[in-house]
Amino acid sequence: MDRAKTPLAEGSIGSDFLQLDVRDAPPGGLADWLAGQLRAAVADGRLPVGGRLPASRVLAAELRVSRGVVTEAYQRLIDDGHAAGRGRAGTVVVAAPVLPPDPSPDRPAAEVITAWPGVEVFDAVRAAPARVDLTPGVPDLTAFPRGAWLRAERAVLDELEPAHFGYGDPRGAPSMRLAVSRWLARNRGIRVDPGEIIVVAGVAQGLTLLGEVLRAHGVPAVAVEDPGSLGARQHLHHCGLETPPIPVDDDGVRVSALRAPAVLLTPAHQFPMGVVLGGERRRELMRWAAGGGIVVEDDYDAEHRYDRAPVPAVRSMLPEVCYLGSVSKLLAPALRVGWLLAPPRFFADLVAAKRFADLGNAVLAQLVLARLMETGELERQLRVVRARHRRRRDAMIRSLSESLPSAVVHGAAAGLHLTVTFDEDVDDVAVAAAALAEGVKVQPLSWHRQQPGRPGLVLGYAARTATEIAEGIAVLGRLVTS
């Protein structure tokens, strides 16, 4: 047998062998090459989830490489969330990376990016193929705690009464609302009675319900941060509300510029610039609210912080705030579970809007999530992903310093994304379109502006490996400087 080619998982994975030839590896890049080969094998199913990789010493001997090369490659799979070390059980495949879809022959990917994006733009961009997806707002989906979720689900099903399978309270399952109230007290400094919580299908639904109710109460406009979330503006426009822009600077939104009856804020980690609403601005906001202003707080990715102390939610100091949160940035957007807190003047109408929207969220997911919150599993998950996300943030900062040294980096202390800004002569929409044509997915900062401002890019790092981040940023660097 040629020792340069070896059955990868002999005695571990099964009867299907992956042939590896170390002569294909680039000079000095054995660990990178081996990690890439393993990822590819996991992605296409040759190494199935649940399969055990061979002992590092065995594979090293068969490939005729040092054991350190194999150990480093395995560690990269573990860091990526594709494998896990199980002590004596060895290294086990736990999740498969998602391969991008085949490019559409009918529509070039670059055409998806437009200067004036419509309501369909996010769906179109998600469907566009990309080998490096740096879309902001996505956590590391390979880190989803499948084992903890399955254990909690089995425990919930063992205890579930038949009545729980019927129609429930449109506000949400009582145990979920209790768990959320305790979670918010521990993590966001918010004291709220469980009866004042409405469980919603993510912040998006909560914002839509609020928009409908505010409109019914005679509110014609909700001011928004500028730059601020394009998606949030789209939801408010769908409810028939205007979204006058309020400038954002290093201390957050300029409260003195508020003229609308309501405002939507991301004060803990402003999207997309990453600034925190400063203390004096918070006091200004409280005075503005005392005069009748309506504050809607989207507690956007507030759990993910790295270089700073926790920032309290505005709702913890101002009970009249309409507060929105979810587990989309902590676990997965696909769960569609979030919560809405609102003052008494809007609460009954919001419950009615939720009832007529869908009769309430699916109960089983609520009960499982409540159990994860109450047992401490969700805090443990937060610690795991926070460490991983921090490493990936650091990798992106290093890559930016190498490939885009002239760009200004914003929002590095917390969150799941960085924003970079450029000189005025850079067309960020054109750069994003060209990047997508080369398989790198980013968002132009111009999408999130209503008023003129410096061009830039919004770059998510949480869902990508350090190698992928470096590859994507290198493409951006070449496009910006060419």
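Residues numbered from 1 in each chain as written. Predicted model: local features only at pLDDT ≥ 70, side-chain atom pairs only at ≥ 80, totals over all residues. Heavy atoms only, no water.

Engineer: Just to check I follow, could you spell out the overall build of the protein chain for this structure?
Structural biologist: Helices and strands together make up the secondary structure of the protein chain, namely 14 helices and 18 strands. If you line up the protein chain on its principal axes, its C-alpha atoms span 80 × 65 × 45 Å. Across the 482 residues that make up the protein chain, the buried fraction comes to 54%. Sequence-distant contacts in the protein chain: of pairs separated by 6 or more residues, those separated by 24 or more amount to 73%. Total accessible area on the protein chain is roughly 21,000 Å²; 54% of this is exposed by carbon and sulfur atoms. A distance of 6 Å separates the average location of the 55 positive side-chain charges in the protein chain from that of its 56 negative side-chain charges. (Helix = DSSP H or I, 4+ residues; strand = E, 2+ residues; numbered from the N terminus. Buried < 20%, exposed > 50% of the residue type's maximum accessible area, 1.4 Å probe, protein only. Contact = heavy atoms within 4.5 Å. Areas by Shrake-Rupley, 256 points an atom, 1.4 Å probe, with all protein chains shown as cover. Lys, Arg positive; Asp, Glu negative; His and termini not counted. Charge placed at Lys NZ, Arg CZ, Asp CG, Glu CD.)

Engineer: Would you explain the sheet that holds strand β17 (residues 443–444) in this entry?
Structural biologist: The pairing of strands in a sheet happens through backbone hydrogen bonds and is either parallel or antiparallel. As summarised here, the arrangement of the four strands in space is β14-β15-β18-β17, forming an open sheet in which the pairing is antiparallel. This sheet does not close on itself; its edge strands, each paired only once, are β14 (408–410) and β17. (Pairing = 2+ DSSP bridges.)

Engineer: Got a minute to help me understand the confidence of the model for the protein chain in this structure?
Structural biologist: One rule of thumb: low pLDDT means the predicted coordinates there are not for detailed reading. Mean pLDDT over the protein chain: 88, with 90% of residues reaching 70 or higher. With pLDDT under 50 throughout, residues 1–17 is counted as low confidence; its partners more than four residues away or in other chains account for 48 contacts. Contacts of residues 99–107 to residues separated by more than four positions or lying in other chains number 10 contacts, the stretch itself having pLDDT below 50. (pLDDT = per-residue confidence, 0-100.)

Engineer: Sorry, what's going on with the pattern of salt bridges here?
Structural biologist: Scanning all chains against the criterion turns up 21 salt bridges. Note that glutamate 471 is salt-bridged to arginine 131, the shortest N-O span being 2.5 Å. Placement of the pair is glutamate 471 in helix α14 (residues 466–481) and arginine 131 in the loop between α4 (121–127) and β5 (132–133), with a sequence separation of 340 residues. Taking relative accessible area as the criterion, arginine 131 reaches 43% and is therefore assigned partly exposed. Of the charged contacts in the structure, one is a salt bridge between aspartate 140 and arginine 388, with a shortest N-O distance of 2.7 Å. Remark: arginine 388 occurs in helix α12 (residues 377–403) and aspartate 140 occurs in the loop between β5 and α5 (146–159); sequence separation between them is 248 residues. Look at arginine 388 and you get buried, because its relative accessible area is 11%. Through salt bridges with shared partners, a single network forms among Asp140, Arg388 and Arg392. (Salt bridge = Lys/Arg side-chain N within 4 Å of Asp/Glu carboxyl O.)

Engineer: Please clarify how the sheet that holds strand β11 (residues 294–298) should be interpreted in this entry.
Structural biologist: The strand order across the open sheet built from eight strands is β6-β13-β12-β11-β10-β7-β8-β9, with neighbouring strands paired in mixed fashion. Because the sheet does not close on itself, it has two edges, and the strands there are β6 (197–200) and β9 (252–253). Bridge count between strand β12 (residues 322–326) and strand β13 (residues 338–341): four bridges; the pairing is antiparallel. Following the sheet pairing, glycine 325 is matched in β13 by tryptophan 339. Along the sheet face, helix α7 (residues 202–216) touches β6, β10 (262–265), β11, β12 and β13 and points at about 160 degrees away from the line of β12. (Axes fitted to C-alpha atoms, helices over the stretch in contact; angles between N-to-C directions.)

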